[in-house]
Amino acid sequence: MSLPEILTLTASSDRRLVAVEVSSQRTVEWVVAAPRVQPVARRAPLNIALVLDRSGSMQGEKLRYVQQAARHVLSMLDERDRVSVVAYDDTIDIISRSAQLTPARRDELLRRIDALKPGGWTDLSGGWLAGCREVADHLSGEGIGRALLLTDGMANRGITDIEELTHHARELRQRGVATSTFGVGLDFSEQLLEAMAEQGGGHFYYIERPDQIPGMFERELGDLLTVVAREAFLALDIPRGLSVELLGDLPHERVGERLRIFLGDIYGGERRTLFTRVITPPDMPGTSVVLRGELGYADLSGRTTTVAATVAFSYAREAEVVLVPVAADVLERAGEVELAAATAQALRLERAGQRQQAQALLQQSLAAAPPMPAPAMAHYQALAEQLGDGLDEAQRKATHFAAYRARQSRD
């Protein structure tokens, strides 16, 4: 990878002093940044599976916009890329197996996609796994493999359990097959599609109106065409005695004293922000403790690279610590991520009919949140009231998608 494409990692904290006499809580902001680039001749080849819901509810304008979106996708790719197309209702049809996208093949795919007709029920798992197999059978060291799953309904055939589906998504990501999901309208499960995308290393999109379908697909492909780093992760080495918690409920694993946070592919111009809460134990004046983060990733040629950043906390008397100014902007941004995660949990309770518990959860999170701008506080206070009364499906999905985007902290 050329020098301008190297990712950067920076770390900052709300305060760098911690107390000698008692435990101290600090918030650390980790920022991963990539340079802005445009799609150029030198890019990673894509290995894409279009997995399209053609159940009965997709009839009419939804299916027409799906066909238009497929045209956008195919127009953005070239002979370096592989494409397969799977259509599903209660049966699974591999419309086209994975192959290089020659001009002749593009024309043939367009004809087949234009011929799609709406059918019956929704075997989401069957269609998705068939698409993932097409991608997996043609993985290469340089290529980026991704299944793009679109649905407007509930999974009611095949595997329907969210835990089992997210387990498959996580395993496929580890094999090099990521998943992005696109939910259309009001009848799909946002919790399922979000979890599949998050554990699958891709993105989740809520498409309120069918005419938004082409734009969402174009956005996803535009990102993939500007990938500058692959399989990125942030690993934190936790010193003995420190407590470190990841905020935002992002995919991660903890092994011993090492916390590993999965970031997936990083696109040109992307900026990912992550937050950890750190609790330091009491210690002697003049001592310090260092939290080290290591960003690892592979460049487009497959070469692995790591960059590091550290935050050092120095011990002082509590009377001195409280005089140090607080980086309120760090606490504010971290608070927004925590409230978004609390909102996602509250929405799960609200959907299950536990409205009062949902309201109480968000109200408790608001009470514990750091000072935030008045509009943000007013928004969450109003949402807490609405949770007590219950949301309609449009409110529920829009709120869920907003919380997902806030938890991701992706610019």
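Residues numbered from 1 in each chain as written. Predicted model: local features only at pLDDT ≥ 70, side-chain atom pairs only at ≥ 80, totals over all residues. Heavy atoms only, no water.

(A) Summary view of the overall build of the protein. For the protein, the helix and strand inventory stands at 11 helices and 16 strands. Over its C-alpha atoms the protein spans a radius of gyration of 23 Å, differing by no more than 12% from the 22 Å that the globule rule assigns to 411 residues. With the C-alpha coordinates aligned to their principal axes, the bounding extent of the protein is approximately 75 × 55 × 35 Å. For the protein, the proportion of contacts with a sequence separation of at least 24, taken over those separated by at least 6, is 77%. Here the protein displays about 17,400 Å² of accessible surface, and carbon together with sulfur accounts for 50% of that area. Taken as two groups, the 46 positive and 56 negative side-chain charges of the protein have centres that lie 3 Å from each other. (Helix = DSSP H or I, 4+ residues; strand = E, 2+ residues; numbered from the N terminus. Rg over C-alpha atoms; globule rule 2.2 N^0.38 Å. Contact = heavy atoms within 4.5 Å. Areas by Shrake-Rupley, 256 points an atom, 1.4 Å probe, with all protein chains shown as cover. Lys, Arg positive; Asp, Glu negative; His and termini not counted. Charge placed at Lys NZ, Arg CZ, Asp CG, Glu CD.)

(B) Summary view of the side chain of Gln199. Note on placement: Gln199 falls in helix 5 (residues 190–199). Dropping the residues within four chain positions of it, Gln199 is found in contact with Thr166, Ala169, Arg170, Arg173 and Pro251.

(C) Looking closely at the packing of helix 1 (residues 61–76) against helix 2 (residues 103–114). Following both chains from N to C, one finds helix 1 and helix 2 inclined at 170°, their axes separated by 10 Å at the closest point. Regarding the angle of helix 1 to helix 2, the classification is roughly antiparallel. Residue-level contacts link Gln67, Ala70, Arg71, Leu74 and Ser75 of helix 1 to Arg106, Leu109, Leu110, Ile113 and Asp114 of helix 2. The class makeup of the residues in the contact of helix 1 with helix 2 is five nonpolar, two polar and three charged. (Axes fitted to C-alpha atoms, helices over the stretch in contact; angles between N-to-C directions. Parallel < 35°, antiparallel > 145°, perpendicular 65-115°, else oblique. Nonpolar A, V, L, I, M, F, W, Y, C, P; charged D, E, K, R; others polar.)

(D) Geometry of the packing of aromatic side chains. The tally for this structure, following the rule as stated, stands at eight aromatic pairs. Taking 5.6 Å as the distance between ring centres and 90° as the angle between the ring planes, the aromatic pair formed by Phe204 and Phe401 counts as edge-to-face. Placement of the pair is Phe204 in strand 9 (residues 201–207) and Phe401 in helix 11 (residues 393–408), with a sequence separation of 197 residues. Under the relative-accessibility criterion, Phe204 is labelled buried at 3%. (Phe/Tyr/Trp six-rings, centres within 6.5 Å; stacked < 30°, edge-to-face > 60°. Buried < 20%, exposed > 50% of the residue type's maximum accessible area, 1.4 Å probe, protein only.)

(E) Spatial organisation of the sheet that holds strand 7 (residues 144–151). In space, the six strands of this open sheet follow the order 6-5-4-7-8-9, with mixed pairing throughout. Strands with a single pairing partner mark the edges of an open sheet, and in this sheet they are strand 6 (92–100) and strand 9. When the angles between neighbouring strand axes are averaged without regard to direction, this sheet yields 10°. The pairing of strand 4 (residues 46–53) with strand 5 (residues 82–88) spans seven bridges and is classified as parallel. In the sheet register, Leu52 faces strand 5, and the bridge partner there is Ala87. Taken strand by strand, helix 1 contacts strand 4, strand 5, strand 7 and strand 8 (177–184), and its axis lies near 175° from that of strand 4. (Pairing = 2+ DSSP bridges.)

(F) Quick peek at helix 11. Taking 1.5 Å as the rise per residue, helix 11 with 16 residues should run 22 Å; its terminal C-alpha atoms sit 23 Å apart, in good agreement. On its buried face, helix 11 sits against helix 5, strand 9, strand 14 (271–280), helix 8 (328–351) and helix 10 (374–389). The N-terminus of helix 11 is capped by Asp392, whose side-chain oxygen sits 3.2 Å from the backbone nitrogen of Ala394. Where helix 11 terminates, the next one or two residues include Ser409, which has phi positive at roughly 45°. (Expected span 1.5 Å × (residues − 1). Polar contact = N/O pair within 3.5 Å; in protein donor to acceptor, adjacent residues only side chain to side chain.)

(G) Seen up close, the pattern of salt bridges. As enumerated under the stated definition, the model contains 31 salt bridges in all. In this structure, Glu294 and Arg258 form a salt bridge, with 3.5 Å as the shortest nitrogen-oxygen distance. On the criterion of sequence distance, the pair formed by Glu294 in strand 15 (residues 288–298) and Arg258 in strand 13 (residues 258–267) is long-range, its members being 36 residues apart. Across the salt bridge formed by Lys397 and Glu393, the nearest N and O atoms sit 2.6 Å from each other. One end of the pair, Lys397, and the other, Glu393, are both in helix 11, four residues apart, so they sit about a helical turn from each other. In the salt-bridge network here, residues are joined through shared partners; they are Glu190, Glu350, Arg351, Glu393, Arg396 and Lys397. (Salt bridge = Lys/Arg side-chain N within 4 Å of Asp/Glu carboxyl O.)

All we've got here are geometric facts, nothing functional implied.
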